[in-house]
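Observations on chain architecture
Okay, here's what each chain looks like letter by letter:
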Amino acid sequence: MKKLCCLLLFCVAPAFAELPSGLRNLAPELRLQGEGRMTYFGFELYDARLYQHPKKPGEIFALDIQYLRNFKGQALAERTITEMKQLNIPAKQREAWGEELLKIFPDIQPGQTLTAIHIPSQGTIFLHNQQKIAQIPGSDFAKAFFGIWLDPRTSAPQLRNKLIANGCAPALIGPAC
């Protein structure tokens, strides 16, 4: 019995070890679902990881991005809004969210992280290097923001496939599978 307990602890420990500290503090039950690297014309931009709640998939989830290059916060906000346009988000809504994101997104250096966590009662919580920097309420923003990576219409389908791995995208983003 003692050997079985040690074996189980050994097998389960990596799932806990992979959870970044900011996620552990806000949603400790999240588990890694999938991960992948975003490249653009051969340039490596960032590594992304999707975490979901094992008992409430699609309700509580997070996207953790570790950057491999320098990015201006303004460029990140502008690119976010451009990607939302591809998802048919109305222009007026994109503009409003774009103004918020310009205030939220910091300039990024290699090795730094931006994390977005969706908790239905709280909306989308943003962390920079595992420290809370902002919160945008509501599911409409969450659907548009996380849809950039997880919606079937994403501009990065290979990354989407790696993030959802053998599971499903959160139900907020698309139909359950």
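Report follows, based on the coordinates. All residue numbers here refer to positions counted from 1 along the written sequence of the relevant chain. Only residues with pLDDT of at least 70 are given local features in this predicted model, and only at 80 or more are side-chain atom pairs given and counted; all residues enter the totals for whole chains, interfaces and linings. To obtain the side-chain values, all non-hydrogen atoms of the structure were included, while hydrogens and water were left out.

1. Description of unusual backbone geometry
Here is the rule we go by: We count a stretch as a helix when DSSP gives it H or I for four or more residues in a row; a strand needs E for two or more, and each element gets its number in order from the N terminus. Categorising residues by exposure relies on relative accessible area from a 1.4 Å probe, with only protein chains included: less than 20% of the type maximum marks a residue as buried, more than 50% marks it as exposed, and the intermediate range marks it as partly exposed.
Even without glycine at this site, Phe41 takes up a positive phi of about 50°. Note on placement: Phe41 falls in the loop between strand S1 (31–40) and strand S2 (43–52). Classification of Phe41 as exposed rests on a relative accessible area of 73%. Even without being glycine, Asn88 reaches a positive phi, approximately 65°.

2. Here's the deal with the packing of aromatic side chains
Basically, it comes down to this: When two rings of Phe, Tyr or Trp (its six-membered ring) have centres within 6.5 Å they constitute a pair, described as stacked for plane angles under 30 degrees, edge-to-face for angles over 60, and tilted for the intermediate range.
The full count for this structure, using the stated rule, is 11 aromatic pairs. Between Tyr67 and Phe71 the ring centres are 5.6 Å apart and the planes differ by 65°, which places this aromatic pair in the edge-to-face class. The class for Phe71 is partly exposed, based on a relative accessible area of 22%. On the basis of an interplanar angle of 15° and a centroid distance of 5.6 Å, the ring pair of Phe141 and Phe145 is categorised as stacked. Placement of both Phe141 and Phe145 in helix H5 (residues 139–150) is noted, with a separation of 4 residues, approximately one turn of the helix. Taking the relative accessible area as the measure of exposure, Phe141 reaches 1% and is therefore buried. An aromatic cluster is defined as three or more aromatic residues linked by ring pairs; in this entry it consists of Phe61, Trp97, Phe105, Phe126, Phe141, Phe145, Phe146 and Trp149.

3. Quick word on the sheet that holds S1
Here is the rule we go by: Strands are labelled as partners when DSSP assigns at least two bridges between them. Here, axes are lines fitted to C-alpha atoms. For helices the fit covers the stretch in contact, and angles between N-to-C directions go from 0 to 180 degrees. Contacts were defined at the residue level, with two residues in contact if any of their heavy atoms lie within 4.5 Å.
Strand order in this open sheet of 6 strands is S1-S2-S3-S4-S5-S6, and the pairing throughout is antiparallel. With partners counted over all chains shown, the strands left at the sheet margins are S1 and strand S6 (131–136), one partner each. Averaged over all pairs of adjacent strands, the angle between strand axes in this sheet comes to 20°, irrespective of strand direction. As defined by bridge partners, S2 adjoins strand S3 (residues 61–67) across 7 bridges and the pair is classed as antiparallel. The residue bridging Tyr51 from the neighbouring strand is Ala62, located in S3. Sitting on the sheet, helix H4 (residues 91–104) touches strand S5 (123–128) and S6, and the angle it makes with S6 is about 170°.

4. Remarks on the layout of surface pockets
We count it as follows: With a 1 Å grid laid over protein atoms only, a set of points is called a cavity when a 1.4 Å probe fits there but cannot get out and a pocket when it is open yet has protein on both sides within 12 Å along at least five of seven lines; lining residues have an atom within 4 Å of a point. Grid points are joined across faces, edges and corners, and a volume is the space filled by probe spheres set on the points. Three classes are used: nonpolar for Ala, Val, Leu, Ile, Met, Phe, Trp, Tyr, Cys and Pro, charged for Asp, Glu, Lys and Arg, and polar for all others, with Gly counted as polar.
Space inside the largest pocket adds up to approximately 500 Å³. In terms of lining residues, the largest pocket is bounded by 25 residues, among which Tyr46, Leu76, Arg79, Glu83 and Trp149 are the most central. Elements with a contribution of two residues or more to the lining of the largest pocket: S1, S2, S3, helix H3 (73–86), strand S4 (113–119) and H5. Examining the composition of the lining of the largest pocket, we find that 5 residues originate from one element, H3, more than from any other. When the residues that make up the lining of the largest pocket are grouped by side-chain class, the tally is 19 nonpolar, 4 polar and 2 charged.

5. Some points on the pairing of S6
As paired elements, S5 and S6 share 5 bridges and run antiparallel to each other. Looking across to S6, one finds that His128 is bridged to Gln131. Where S5 hands over to S6, the hairpin turn is made up of 2 residues, of which Asn129 adopts a positive phi near 50°.

6. Points about the nonpolar core
The condition is simple: Among buried residues, the Ala, Val, Leu, Ile, Met, Phe, Trp, Tyr and Cys ones that are joined through side-chain atoms within 4.5 Å form a nonpolar core.
One finds Phe126, Phe145 and Trp149 to be the most contacted residues of the largest nonpolar core, which totals 39 residues. Looking at this core, the elements with two or more residues in it are S2, S3, H3, H4, S4, S6, H5 and helix H6 (157–164). Sorting elements by how many residues they give to this core places H5 first, with 8 residues. Residues within four places of Phe126 in sequence aside, it is in contact with Leu101, Ile104, Phe105, Thr115, Ala116, Gln131, Lys132, Ile133, Ala134, Ile136, Phe141 and Phe145. One finds Tyr51, Ile60, Ala62 and Ile117 within the second-largest nonpolar core, a separate group that totals 11 residues.

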